[in-house]
Amino acid sequence: GDSVTQMEGPVTLSEEAFLTINCTYTATGYPSLFWYVQYPGEGLQLLLKATKADDKGSNKGFEATYRKETTSFHLEKGSVQVSDSAVYFCALSSYGNKLVFGAGTILRVKS
Amino acid sequence: EAGVAQSPRYKIIEKRQSVAFWCNPISGHATLYWYQQILGQGPKLLIQFQNNGVVDDSQLPKDRFSAERLKGVDSTLKIQPAKLEDSAVYLCASSPRSYEQYFGPGTRLTVT
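Bear in mind the structure is a predicted one, so any value in this text is a computation, not a measurement.

Undergrad: Even after reading the chapter, I still don't get the pattern of salt bridges, so can you show me in this structure?
TA: Applying the stated criterion across every chain, the model contains seven salt bridges over all chains. Here Lys 49 of chain A ties to Glu 100 of chain B by a salt bridge, and the two come within 3.6 Å at their closest N and O atoms. Pair noted here: Lys 49 of chain A is in strand β6 (residues 44-50) and Glu 100 of chain B is in the loop between β9 (88-95) and β10 (102-103), and the two residues belong to different chains. Between Lys 98 of chain A and Asp 56 of chain B there is a salt bridge, and its shortest N-O distance comes to 4.0 Å. Pair noted here: Lys 98 of chain A is in the loop between β10 (86-93) and β11 (100-101) and Asp 56 of chain B is in strand β6 (residues 53-56), and the two residues belong to different chains. Of the residues examined, Lys 98 of chain A reaches a relative accessible area of 24% and is grouped as partly exposed.

If you want it as structure tokens, here you go:
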């Protein structure tokens, strides 16, 4: 079945450091790919998405490119802030609206 | 625009007791989802409704879990009887169309 694998955390960075959170997937067909973020005490929020190969999703300085050849959708940000501290989930959708999530990666940014 | 509402936010029960969670989706959203998020894992879909019909309940443990969405608006998820392994956050989400799911704050269930 469909699955998503994310790099394990927690990831601890200093403010203004470069961020990469790796995500790879296994799916039949051509899924849509997503990054969700969960800030402390809040619900999941859609951060960005890409619906076909080579698409780049971007939002709030975060970017991720849909790489079909490597089945990857790595999340990047050039300069993280303390306010980016959260849990980040990679997810895919192959059939209809059903989302399959990775285990999540905790990001901690220190000032 | 009001978001997805869930209640209660927290619930502690003993094993073998019953519990119910309530979700009110964003107005006009036809699709409603219940997810289970166990600590350290990503959310797992339990059931998906389209209006008041079930689209996917393949991962719902039907011997103890039940869900309904009367009148195609709000929904309840029930566990009867609860087991220790049911301790998790139960997330409700709604969607107006494909791929854009909006999540509520979740209900944290602790079974002792």
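Okay, back to it.
Undergrad: What is the right way to look at the sheet that holds strand β8 (residues 75-79) of chain B in this model?
TA: What holds strands together in a sheet is hydrogen bonding between their backbones, with the strands either parallel or antiparallel. Residue and element names in this part refer to chain B. Taking strand neighbours across the sheet as the criterion, the four strands line up as β1-β3-β8-β7 in an open arrangement whose pairing is antiparallel. The open sheet has two free edges, formed respectively by β1 (5-7) and β7 (65-68), since each of these has just one partner strand. Strand-to-strand twist in this sheet, taken as the mean axis angle between neighbours without regard to direction, amounts to 15°. Taken together, the four bridges between β7 and β8 define a ladder with antiparallel strand orientation. Bridge pairing in β8 links Ser 66 to Lys 78.

Undergrad: Just to check I follow, could you spell out the nonpolar core for this structure?
TA: Among soluble globular proteins, nonpolar side chains are generally buried collectively. Residues Leu 19, Trp 35, Leu 47, Leu 48, Phe 73, Leu 75 and Tyr 88 of chain A are the most contacted members of the largest nonpolar core, which totals 27 residues. Of all the elements in the fold, those that place two or more residues in this core are β2 (11-14), β3 (19-21), β4 (23-26), β5 (32-38), β6, β8 (62-65), β10 and β12 (105-110) of chain A. With four residues, the top contributor of residues to this core is β10 of chain A. One finds Ile 13, Cys 23, Ile 79 and Leu 109 of chain B within the second-largest nonpolar core, a separate group that totals 21 residues.

Undergrad: Is there a simple way to explain the sheet that holds β3 of chain A in this structure?
TA: Residues and elements named next belong to chain A. Strand order in the open sheet formed by four strands is β3-β9-β8-β7, with antiparallel pairing between adjacent strands. In this open sheet, the two strands that pair with only one neighbour each are β3 and β7 (56-59). Within this sheet the neighbouring strands show an average axis-to-axis angle of 15°, counted without direction. In this sheet, strand β9 (residues 75-77) lies alongside β8 in antiparallel orientation, the contact comprising three bridges. Across the sheet, Ala 64 pairs through a bridge with Leu 75, a residue of β9.

Procedures and definitions
Here the residue numbers are simple positions, counted from 1 along each chain's written sequence. Ligands are numbered from 1 and chains lettered from A, in the order in which they are written. Restriction of local features to residues with pLDDT of at least 70 applies here, the model being predicted, together with a cutoff of 80 or more for giving and counting side-chain atom pairs; totals for whole chains, interfaces and linings are based on all residues. As a rule here, side-chain values cover all heavy atoms of the structure and leave hydrogens and water aside. Here a salt bridge means any side-chain nitrogen of Lys or Arg lying within 4 Å of a carboxyl oxygen belonging to Asp or Glu. Helix and strand definitions follow DSSP, with helices as H or I runs of at least four residues and strands as E runs of at least two, each counted in order from the N terminus. Exposure categories follow from relative accessible area, calculated using a 1.4 Å probe and restricted to protein chains: below 20% of the type maximum is buried, above 50% is exposed, and the middle band is partly exposed. Strand pairing is assigned whenever DSSP identifies at least 2 bridges connecting the two strands. A fitted line through C-alpha atoms represents every axis, and for helices the fit uses only the stretch in contact; the resulting angles, taken between N-to-C directions, go from 0 to 180 degrees. Here, nonpolar core refers to any group of buried Ala, Val, Leu, Ile, Met, Phe, Trp, Tyr and Cys residues whose side-chain atoms link them within 4.5 Å.

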